[in-house]
Amino acid sequence: MATIEIQVPDIGDFDEVTVIELMVKAGDTVRAEQSLITVESDKASMEIPSSSAGVVKEVKVALGDKVKQGSLVLLLEVAGSASAAVASPPVAAAVAATVAVAAAFAPASPSVVEMRIPDIGDFKDVTVIELLVKPGDAVAAEQSLITVESDKASMEIPAPAAGVVQSLAVKLGDKVNIGDLVGLLLGAAASSAAPVAAALAPVIAAPAAAAPAPVAVPQSASVCATVPAHTPGASVLAMPHASPSVRKFARELGVPLEEVKGQGAKGRITQEDVQDFTKAVMAGAAQTKAQVTNAPKAAGGSGSELGLIPWPKVDFAKFGPIERKEMSRIKKISGANLLRNAIMIPAVTNHDDADITDLEAFRVSTNKENEKSGVKVTMLAFLIKACVAALKKYPEFNSSLDGDAVVYKNYWHIGFAADTPNGLMVPVIKDADQKGVLQISQEMGELAKKARDGKLSPAEMSGASFTISSLGGIGGRYFTPIINAPEVAILGVCRSTIEPIWDGKAFLPRLMLPLSLTWDHRVIDGAAAARFNVYLGQILGDFRRVLL
Ligand code: CAO
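All of the points below concern the structure found in this document.

Reading the values: the criteria
- Residues numbered from 1 in each chain as written.
- Predicted model: local features only at pLDDT ≥ 70, side-chain atom pairs only at ≥ 80, totals over all residues.
- Heavy atoms only, no water.
- Phe/Tyr/Trp six-rings, centres within 6.5 Å; stacked < 30°, edge-to-face > 60°.
- Helix = DSSP H or I, 4+ residues; strand = E, 2+ residues; numbered from the N terminus.
- Buried < 20%, exposed > 50% of the residue type's maximum accessible area, 1.4 Å probe, protein only.
- Axes fitted to C-alpha atoms, helices over the stretch in contact; angles between N-to-C directions.
- Parallel < 35°, antiparallel > 145°, perpendicular 65-115°, else oblique.
- Left-handed = near helix turned anticlockwise from the far one by under 90°.
- Contact = heavy atoms within 4.5 Å.
- Expected span 1.5 Å × (residues − 1).
- Arc of directions from axis to C-beta.
- Near = heavy atom within 4 Å.
- Polar contact = N/O pair within 3.5 Å; in protein donor to acceptor, adjacent residues only side chain to side chain.
- Areas by Shrake-Rupley, 256 points an atom, 1.4 Å probe, with all protein chains shown as cover.
- Nonpolar A, V, L, I, M, F, W, Y, C, P; charged D, E, K, R; others polar.
- Core = buried A, V, L, I, M, F, W, Y, C linked by side-chain atoms within 4.5 Å.

As enumerated under the stated definition, the model contains 8 aromatic pairs in all. Aromatic side chains phenylalanine 362 and phenylalanine 382 sit 6.0 Å apart centroid to centroid with 65° between the ring planes, which places their arrangement in the edge-to-face category. One end of the pair, phenylalanine 362, is in helix H8 (residues 357-369); the other, phenylalanine 382, is in helix H9 (residues 379-393), and 20 residues separate them in sequence. Note on phenylalanine 382: relative accessible area 5%, which makes it buried. Joined through ring pairs, the aromatic side chains of Tyr394, Phe397, Phe466, Phe532 and Tyr535 make up one cluster.

This is the structure:
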């Protein structure tokens with residue numbers, strides 16, 4: 001083991017710079033080229049890398065210290081025997097940079113300027129990691145357009161002039177080189193001979209008022225980076241003030257750096273600030289702007305930011321023979337809708353029973369009388385009529401949420417779930433309030449057939465204000481139907497059975513229809529739902545009530 005001294009390398013024209021960040025401490029193991037400290041002048045910030053791999057024995061600088069070329073940064077224990085003083089990579093190479101490149105940008109027409117990658121030194125195929133502007137944005141001269149990153153540095157590419165971004169020619173992840181087109185700038189009057197020093201000014205954050213400083217873009221393989229330091233220039237004031245490694249750290253965690261409050265010198269964002277921000281968000285004590293924007297609204301929102309753990313990936317073939325079949329288009333579409341509705345609606349289901357003994361007797365006799373007409377009256381048709389009456393009495397069940405407003409509908413279009421070979425479809429009986437049970441039965445039969453044949457038109461499936469899902473023909477007792485958004489309630493019906501019902505004197509055999517009403521608790525209260533079911537049961541028990 002030998003101890004070497006790590007010194008501040010040649011940092012170009014900067015005489016004395018301030019230590020603004022200590023990135024390692026005694027005992028830390030560091031890689032060759034790993035950043036050790038960040039120093040900052042009034043024009044640039046730079047990370048000083050380690051010339052060798054080793055273990056930090058002692059850090060010789062403190063925050064706020066002024067250092068210059070040759071200053072001792074730390075003692076590093078490295079493999080080997082000879083002790084030596086080693087400056088981090090020679091600065092001559094490190095900060096060569098700043099040669100004017102006339103070709104950095106050239107006017108494409110008097111009012112359209114091509115924005116190109118200026119001379120970025122020895123860096124080849126750097127990756128676009130941030131798009132800081134978008135088409136339509138007004139930019140000031142020297143405002144940063146994009147951030148590019150090599151494995152050693154990240155740099156911001158500035159606008160050659162003021163104007164409006166017409167188009168961007170790069171996207172995230174693109175590899176770019178000197179001269180590559182970044183985008184077109186409209187209404188600009190840039191000089192084609194504008195020196196790179198100016199072009200790169202935001203990269204090293206030259207104060208806006210100052211004459212373009214000699215640009216120090218580290219080019220040595222071992223100098224980590226030069227990114228905008230805090231800049232009084234208005235054009236870059238909005239840029240977060242952080243070192244490349246902190247930016248990288250934030251990017252890896254998905255932390256929006258512009259939302260992190262810097263506690264370091266001059267408001268600089270440190271790694272600790274990013275960690276604190278992450279902890280606060282995870283603990284629910286803070287929210288990112290994206291979380292606020294994407295939070296489900298009263299009646300909508302993306303629902304895509306649920307932060308759920310990933311869906312389990314199982315190799316089922318390990319457990320037995322399997323067959324994989326693609327879902328039908330209808331199942332895929334309805335599945336996505338059902339998922340959204342199930343997740344986003346605070347839904348509650350009330351179960352009840354309706355005595356349909358007399359109604360069923362009436363239905364059977366009506367069908368007997370109408371045998372020749374070819375139209376069979378179904379229980380579902382009676383249910384549709386009964387629901388219209390209940391919806392008229394309790395209009396909130398025939399409404400939709402629109403932001404913070406409730407839209408009450410003065411039409412009664414009733415959807416009914418139809419089971420088809422391709423999946424669930426919901427045809428709609430329009431203006432059910434204006435139609436008789438016979439007409440509804442006939443329309444339902446036609447629509448159900450069209451659904452099974454895959455011939456329903458979009459118009460025949462849209463506009464429902466309330467939906468009924470009947471499993472009565474199949475069986476079951478109760479279920480919890482999912483609301484067909486943007487409706488706010490749905491009635492599930494199961495198979496009726498003869499039950500012993502106490503009439504106060506004796507148990508009577510009555511035909512009871514199980515009802516399951518699911519409702520959106522944002523619009524409807526539990527008491528209203530109970531009343532709706534009771535009223536629906538009363539109508540189904542005695543249809544003369546609709547006349548009252
Ligand atoms: N109780 C007892 N019997 C019932 C009943 C009930 N609640 N509802 C219907 N029946 C009887 C009918 O009277 C009919 O008997 P008959 O043949 O002796 O007359 C039989 O069950 C079949 O009825 P049906 O289901 O064909 O007709 P319908 O009007 O009740 O329903 C339709 C039509 C299109 C809604 C139905 O065919 C269908 O697709 N149902 C499934 C809906 C569904 O999948 N819902 C779940 C959605 S959530 O995944």
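For the rest of this paragraph, the subject is the environment of threonine 366. Along the chain, threonine 366 turns up in helix H8. We classify threonine 366 as buried; its relative accessible area is 12%.

One way to put it is that H9 packs onto helix H11 (residues 526-541) with a least axis distance of 9 Å and a crossing angle of 135°. Considering the angle they form, H9 stands oblique to H11. Where H9 crosses over H11, the two elements pack in a sense that is right-handed. Across the interface between the two elements, Phe382, Leu383, Ala386, Cys387, Ala389, Ala390, Leu391 and Lys393 from H9 touch Phe532, Tyr535, Leu536, Ile539 and Leu540 from H11.

So, about the environment of leucine 515. Looking at the element boundaries, leucine 515 is found in strand S30 (residues 507-520). Given the relative accessible area of 0%, leucine 515 is considered buried. Filtering out sequence-adjacent residues up to four positions away, leucine 515 remains in contact with Asn350, His351, Asp352, Ala354, Leu383, Tyr478, Leu491, Gly492, Val493, Leu536 and Leu540.

An ideal rise of 1.5 Å per residue puts 22 Å on 16 residues; helix H7 (residues 329-344) measures up with 23 Å between its terminal C-alpha atoms. Within H7, burial applies to Ile330, Ser334, Asn341 and Met344. Seen from one end, H7 has its buried residues packed into an arc of 115°, which puts them on one side. Looking at the buried positions of H7, the neighbouring elements they touch are strand S25 (423-425).

In the neighbourhood of the ligand, 19 residues make up the surrounding shell, with Lys376, Asp419, Ser469, Cys494 and Ser496 lying closest. With respect to the ligand, the side chain of arginine 363 contributes an N or O atom lying 3.3 Å from an oxygen atom. Take serine 469: an N or O atom from its side chain is 3.0 Å from a nitrogen atom of the ligand. In isolation the ligand exposes 950 Å². Once the protein is present, 67% of that is buried. Listing elements by their share of the shell around the ligand, those giving two or more residues are strand S24 (418-420), helix H10 (437-452) and strand S27 (466-470). Class assignment for the residues of the shell around the ligand results in 9 nonpolar, 6 polar and 4 charged.

Before going further, it helps to spend a moment on the nonpolar core. Residues Leu383, Phe397, Phe466, Ile468, Leu491 and Leu540 are the most contacted members of the largest nonpolar core, which totals 54 residues. Looking at this core, the elements that each hand over two or more residues are H9, strand S23 (414-416), H10, S27, strand S28 (489-493), S30 and H11. No other element matches the 12 residues that H9 contributes to this core. Setting aside residues no more than four positions away along its own chain, leucine 383 makes contact with Ile468, Leu491, Val493, Leu513, Leu515 and Leu540. Counting residues in hydrophobic clusters, the runner-up holds 22 residues, among them Ile11, Leu36, Val39 and Leu74.

Honestly, it's all geometry; don't read function into it.
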